[in-house]
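Now for the letters of each chain:
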Amino acid sequence: MDRAVELREFVSARGAALSRAAYLLTGDHQAAEDLVQDTYVVLVRRWQKSGMVDPEAYVRRILYSRFVDGWRRRRLAELPSAAPPDTPSADEAGAAIDRLTLEAALNRLTPRQRAVLVLRFYEDLTEVQAADALGVSTSTVKSQTRVALQRLRELVPDAVAPLEGVDS
């Protein structure tokens, strides 16, 4: 099969998951789109030259590396948003407040800590897979997960309760 066709099929199949992961990392739709586009630029440049065995791990590593590197280069100032609008039911209001509280807490983590939590708990990767995706050692993933969860426990004790017992 032609490499260009393989690339199109891969992007079609995994584009939505890549966009979701980018949003979880950045917390902003526009920044997530930029991150995905930046990832695609790198992927397209290297796709023709490489005979990738596992393109999923390769593109994930590009995404997370670009996120961490980009955050180091420039820290974008985030403007606080207005209070959530009135919602019709208490359940919806509570869920929205929980999401906003957790999002605010995640924004206070370092980019690497956010990346580790997204890989481990959203994408459900093992420590070894997360380490491969980030290009770090397994022990770094374990320590970053432990530190990030501890920080979240301090910031939002109720939000991390489902993860109790998961320290690495």
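Heads up: the structure comes first, above all this text.
Residues numbered from 1 in each chain as written. Predicted model: local features only at pLDDT ≥ 70, side-chain atom pairs only at ≥ 80, totals over all residues. Heavy atoms only, no water.

**Overview of the environment of Arg153**
Within the secondary structure layout, Arg153 lies in helix H7 (residues 138-155). Exposure remark for Arg153: the relative accessible area of 16% places this residue in the buried category. For the pair formed by Arg153 and Ala105, sequence separation is 48 residues and the distance between their alpha carbons is 9.5 Å. (Helix = DSSP H or I, 4+ residues; strand = E, 2+ residues; numbered from the N terminus. Buried < 20%, exposed > 50% of the residue type's maximum accessible area, 1.4 Å probe, protein only.)

**Some thoughts on the pattern of salt bridges**
By the definition in use, this model includes six salt bridges. Glu127 is paired through a salt bridge with Arg120; the nearest N and O atoms lie 3.9 Å apart. With respect to burial, Glu127 and Arg120 carry one shared label: buried. Each of Arg14, Glu56, Arg60 and Glu123 takes part in a single network of salt bridges with overlapping partners. (Salt bridge = Lys/Arg side-chain N within 4 Å of Asp/Glu carboxyl O.)

**Brief notes about the nonpolar core**
Grouped together as the largest cluster of nonpolar side chains are 30 residues, with contacts concentrated most on Leu25, Leu43, Leu63, Tyr64, Leu119 and Leu134. Looking at this core, the elements that each hand over two or more residues are helix H1 (3-26), helix H2 (29-47), helix H3 (55-73), helix H5 (111-122) and helix H6 (127-134). Broken down by element, this core gets its largest block of residues, seven residues, from H2. Setting aside residues no more than four positions away along its own chain, Leu119 makes contact with Arg60, Tyr64, Asp124, Leu125, Ala130, Ala133 and Leu134. Among the nonpolar cores identified, the runner-up in size contains seven residues, and Ala105, Leu109, Leu149 and Leu152 belong to it. (Core = buried A, V, L, I, M, F, W, Y, C linked by side-chain atoms within 4.5 Å. Contact = heavy atoms within 4.5 Å.)

**Observations concerning H5**
For H5, which comprises 12 residues, the first-to-last C-alpha distance of 15 Å matches the rise-based estimate of 16 Å (1.5 Å per residue) to within 8%. The element H5 is largely enclosed, with a buried count of nine among its 12 residues. The complete set of buried residues in H5 reads Pro111, Gln113, Arg114, Ala115, Val116, Leu117, Val118, Leu119 and Arg120. Where H5 ends, the next residue or the one after it, Asp124, has phi of about 55 degrees, a positive value. (Expected span 1.5 Å × (residues − 1).)

**Here we look at unusual backbone geometry**
Peptide bonds are mostly trans, and most non-glycine residues show a negative phi. At Asp124, a residue that is not glycine, the phi angle is positive and equals roughly 55 degrees. Mapped onto the fold, Asp124 is located in the loop between H5 and H6. Given the relative accessible area of 64%, Asp124 is considered exposed.

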